[in-house]
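Survey of secondary and tertiary structure
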Amino acid sequence: METGTTLGEFLRTRRGRLSPEDLGIASYGARRVPGLRREELARLAGVSVTYYTRLEQGQSHRASESVIEALARALELSDDERGYLHNLARPRRAHRRTAAPTTARHGTRQLIGSLNVPAVVVGMRTEVLAWNPLGHRLLAGHLDPDAPDRTDRRPNLTRMLFLDPHHRDLYPRWENSASCAVASLRLAVGRHRDDIELAALVGDLAMKSEEFATLWAAHPVAEHASGPRHLRHPEVGELTVELETLVLADEPDHRLLVYSAADESPSQAALQLLGA
């Protein structure tokens, strides 16, 4: 997961999705590949072709904020993509770090235990740090409920989505769920470029899942922290739950995922049945 290579790949994918016609640029000659040429993007961003080429090839690691912002505007990046680009362009630390295993705070465990809706606490690598009984039954009832407490064998939501057939079957619209998961993981990689375990997760998934590798190579970047989730549960059938993701103030790398259903809906009845 080398930063220079990742930056160049990201710029190429975003350059490839724009057409000269859409941007009002006169196009001359046949194009071997779709999208903008390097010189066209450089001109739009107001930088030299030589400088942009070095940046895309990973030969320049100190691009200024103004240059990155100019490229983001020229590429018509979303807010999530713009933030990701700025993170990739930051100078890397000299040494990559291995973070110590983390656990959910006692107060957080007590909070999710008091909720009557499914709740899960995840770390920055989408590893499950804790879940309440409903969260466990909703997402991974086939696993040991105490699995999050084993730091060497913790469930990981992204890993399960691609490599655990039981968890995968939970998502009738699996392709969309997989794309969202990879896009969110890209954001995490941008924020934590020096984390060895996060890099290892990406590498392991790319080797074991061709579907993950294909999605990862396309460089999707977007936060998917809220919204409806359509599930097909083996015990209670089809249901639609609303996901809300909360950042924990004392642990900014931890996220609290809470799933709810509309009042008096069949999905709410399904959750109540699951809880019973």
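Side note on the environment of Glu76
Along the chain, Glu76 turns up in the loop between helix H4 (65–74) and helix H5 (79–89). Spatially, the C-alpha atoms of Glu76 and Leu18 are 8.8 Å apart, while their sequence positions differ by 58 residues.

Some thoughts on the packing of aromatic side chains
A full pass over the atoms with the stated rule returns 4 aromatic pairs. With a centroid separation of 5.0 Å and an interplanar angle of 80 degrees, the aromatic rings of Phe10 and Tyr84 are classed as edge-to-face. Here Phe10 is found in helix H1 (residues 3–16), whereas its partner Tyr84 is found in helix H5, with 74 residues between them in sequence. Accessibility assignment for this pair places Phe10 and Tyr84 in one class, buried. Between Phe162 and Trp174 the ring centres are 5.4 Å apart and the planes differ by 80 degrees, which places this aromatic pair in the edge-to-face class. Pair noted here: Phe162 is in helix H8 (residues 157–163) and Trp174 is in helix H10 (residues 174–191), with a separation of 12 residues, a long-range link. You can call Phe162 buried: its relative accessible area is 6%. It is Arg168 that lies over the ring of Trp174; its NZ or CZ is 3.6 Å from the centre. The aromatic ring of Trp216 is capped on one face by Arg186, whose charged end is 3.7 Å from the ring centroid.

Criteria and thresholds
- Residues numbered from 1 in each chain as written.
- Predicted model: local features only at pLDDT ≥ 70, side-chain atom pairs only at ≥ 80, totals over all residues.
- Heavy atoms only, no water.
- Helix = DSSP H or I, 4+ residues; strand = E, 2+ residues; numbered from the N terminus.
- Phe/Tyr/Trp six-rings, centres within 6.5 Å; stacked < 30°, edge-to-face > 60°.
- Buried < 20%, exposed > 50% of the residue type's maximum accessible area, 1.4 Å probe, protein only.
- Lys NZ or Arg CZ within 6 Å of the ring centre and 35° of its normal.

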